[in-house]
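Residues per chain are reported as follows:
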Amino acid sequence: MTAESILAKLVSFPVLGGQSNLSIINYIKDYIESFNIVTTLVSNKQGNKASLHCRIGPAIDGGVILSGHTDVVPVKGQEWSTNPFELIDKGDGKLYGRGSCDMKGFIACCLASLPDMVQADLKKPVYFAFSYDEEIGCLAGHELARSIKIHYRETPKYAIIGEPSLMQPIVGQKGIYILETYVNGSAGHSSRIKEEVSAIHEAMRLMLWLEEKMNRLIEEGRIDNRFHPAHSSIHIGLVNGGIAPNVIADKAHFFWDLRTIPMDRTETILEEFETFCRQREQELKSKFEHFKIKTVENHPPVVHLDTKETDDIVGLIKRISGNSSLSTVAYGAEAGQFAAEGFQSVICGPGSIKQAHRADEFIDKKELHKGVQMIHKLIAELSSNNFR
Ligand SMILES: [Zn+2]
């Protein structure tokens, strides 16, 4: 089967992030197993979702993981000119459909190259690693990467995450963490503001602390020019609290997100914030003994990617992608999760991120072809005795 025909099949599974992906993962599993390759499913607790991994080639250390996610973003509210879950060739050199670009295109390239991998005299193995729920915050990537590390006696060395990058190697990605802070104050008439503890006033103090923390990081020169913006950002995006202008608010709540460059640690920023919160609680206890600030995770952290230019994978990806300029991205992806398990990781795949997540998403046929070419070059590399 060609990459295009496999892509048509993959696009026909309307699996959104958060939904069961068993239909598409079982299709992929059956396809891979038809080549006598053993697959492993990594299921969630409920058993309605699963990632898949498999090894093609010799059971020896080294080799490359090719990774992609099987879920896509919703189409609701978008003006599609064709059925989003049918791959449409309009004759303009593009293939339209939800996920064609992000990122079933890359999975199709992997699967279409499987017969060649099986035929090749691979000296180092290729692994496939296909996840679910990436689009709702990379929920399965970490477990998948860990499963590969634990499941096989031998250890792969590299991971290529085929997110759409127009085949440009991406070596950096910020860490992302979304949090919620709840403030519990005392109620009362607004005139008593000096005697009571307004949850809104205290929440404002916390929000300003966060903004100042970001500014302090910048002033301290914590800058990484590979990223745009080059600093860690802290942002409050949603605030709730209060019932009327003349009533002191006993509750306030805000959502915030942290996007950290690799040199900054979300944990450290959070610890400092918590210290400030405990300090405020102590200071106000005498006014209102139940004054409480609680910060909870709204979304599990997505770890950063920080692949060094000197890492061996950078040379490899430059050779097989045909692109030597390196880049970074601001969106979350599973690459950091593979890197955290010890695999040198990069993002590089066919299609443009500009086409992702929108109506009439498409992948250029030329891009799909480039994706297949990259994997063929990889097969050639892995078949060489010199591959390290
Ligand atoms: Zn994606």
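Cut-offs used in this document
Residues numbered from 1 in each chain as written. Predicted model: local features only at pLDDT ≥ 70, side-chain atom pairs only at ≥ 80, totals over all residues. Helix = DSSP H or I, 4+ residues; strand = E, 2+ residues; numbered from the N terminus. Buried ≥ 20, exposed ≤ 12 C-beta atoms within 10 Å, placed from the backbone. Contact = placed C-beta atoms within 7 Å. Axes fitted to C-alpha atoms, helices over the stretch in contact; angles between N-to-C directions. Left-handed = near helix turned anticlockwise from the far one by under 90°. Nonpolar A, V, L, I, M, F, W, Y, C, P; charged D, E, K, R; others polar. Pairing = 2+ DSSP bridges. Parallel < 35°, antiparallel > 145°, perpendicular 65-115°, else oblique. Domains from an automatic or database assignment.

Chemist: Even after reading the chapter, I still don't get the overall build of the protein, so can you show me in this structure?
Modeler: In terms of helices and strands, the protein carries ten helices and 18 strands. Referenced to the eigenvectors of the C-alpha coordinate spread, the extents of the protein come out at roughly 80 × 45 × 40 Å. By the burial criterion, 46% of the 388 residues in the protein qualify as buried. Nonlocal contacts in the protein, meaning residues at least 24 apart in sequence, comprise 79% of its contacts between residues at least 6 apart.

Chemist: I keep staring at the packing of helix α6 (residues 199-219) against helix α7 (residues 266-284) and nothing clicks. Help me out?
Modeler: The description of two helices packed together rests on the angle between their axes and the distance between the axes. Relative to each other, α6 and α7 sit at 150°, their axes nearing to 11 Å. Judged by the sense of rotation from one axis to the other, the crossing of α6 with α7 is right-handed. Every residue of α7 that contacts α6 at E202, R205, L206, W209, L210 and K213 is listed here: I269, E272, F273, F276, C277 and R280. Residue composition of the contact of α6 with α7, by class: seven nonpolar, no polar and five charged.

Chemist: Is there a simple way to explain the sheet that holds strand β18 (residues 362-364) in this structure?
Modeler: Sheets are built from strands paired through backbone hydrogen bonds, the pairs being either parallel or antiparallel. Ordered by their spatial adjacency, three strands build an open sheet running β4-β5-β18, and the pairing between neighbours is antiparallel. Two strands close off the open sheet at either side, each with one partner strand: β4 (88-89) and β18. Two strands pair when backbone bridges link them, and β4 and strand β5 (residues 94-96) are joined in this way by two bridges, in the antiparallel orientation. Within β5, the residue paired with I88 across the bridge is Y96. Packed onto the sheet, helix α10 (residues 365-382) meets β5 and β18 and runs at close to 70° relative to β18.

Chemist: When you look at the sheet that holds strand β11 (residues 233-241) in this model, what are you seeing that I'm missing?
Modeler: Strands sit in the order β11-β13-β9-β14 across an open sheet of four strands; the sheet is antiparallel. With partners counted over all chains shown, the strands left at the sheet margins are β11 and β14 (292-302), one partner each. Between one strand and the next, the sheet's axes are offset by a mean angle of 20°, whatever the strand orientation. The pairing of strand β9 (residues 175-184) with β14 spans eight bridges and is antiparallel. Residue pairing for β14: V183 is matched across the bridge by I293. Those strands touched by α6 are β9, β11, β13 (251-260) and β14, and its axis lies near 170° from that of β11.

Chemist: What am I meant to see in the environment of E220 here?
Modeler: By the secondary structure assignment, E220 is in the loop between α6 and β11. Along the chain, E220 and E79 lie 141 residues apart, while their C-alpha atoms are 46 Å from each other.

Chemist: Is there a simple way to think about the pairing of strand β17 (residues 344-347) in this case?
Modeler: Two faces make up the sheet, and in a regular strand the side chains alternate between them. Of the two faces of β17, the one carrying Q344 and V346 and the one carrying S345 and I347 are both buried. Examined bridge by bridge, strand β7 (residues 158-161) and β17 share four bridges and lie parallel to one another. Counted as the bridge partner of Y158 is Q344 from β17.

Chemist: Can you walk me through helix α5 (residues 141-151) in this structure?
Modeler: Helical geometry note: an α-helix holds 3.6 residues per turn, so side chains three or four residues apart project in the same direction. What α5 keeps buried is the set G141, H142, L144, A145 and I148. Buried residues in α5 make contact with β1 (39-43), β2 (50-56), β3 (64-69), β6 (126-131) and α9 (335-340).

Chemist: I keep staring at the pairing of β6 and nothing clicks. Help me out?
Modeler: With six of six residues buried, β6 lies mostly within the body of the structure. In terms of strand pairing, β2 meets β6 through five bridges, oriented antiparallel. Across the sheet, the residue bridging to C54 is F128, located in β6. Taken together, the six bridges between β3 and β6 define a ladder with parallel strand orientation. Bridged to G68 within β6 is F130.

Chemist: How do you make sense of the packing of helix α3 (residues 104-112) against α10 when you look at a structure like this?
Modeler: At their nearest, the axes of α3 and α10 sit 9 Å apart, and the two run at 45° to each other. Relative to α10, the element α3 is oriented oblique. In the packing of α3 onto α10, the handedness of the crossing is right-handed. Mapping the contact onto sequence places G105, F106, C109, C110 and A112 in α3 and L368, G371, V372 and I375 in α10. Of the residues belonging to the contact of α3 with α10, the class tally is seven nonpolar, two polar and no charged.

Chemist: Where do I start with the domain arrangement of the protein in this structure?
Modeler: One frequently used descriptor of interface size is the decrease in accessible area upon assembly of the parts. Segmenting the protein into domains produces domain 1 (3-173 + 304-382) and domain 2 (175-302). Put simply, the middle of domain 1 and the middle of domain 2, counted by C-alpha atoms, are 37 Å apart. With nine residues of domain 1 at the contact, the number on the domain 2 side is ten residues. Residue composition of the side of domain 1 that touches domain 2, by class: two nonpolar, six polar and one charged.

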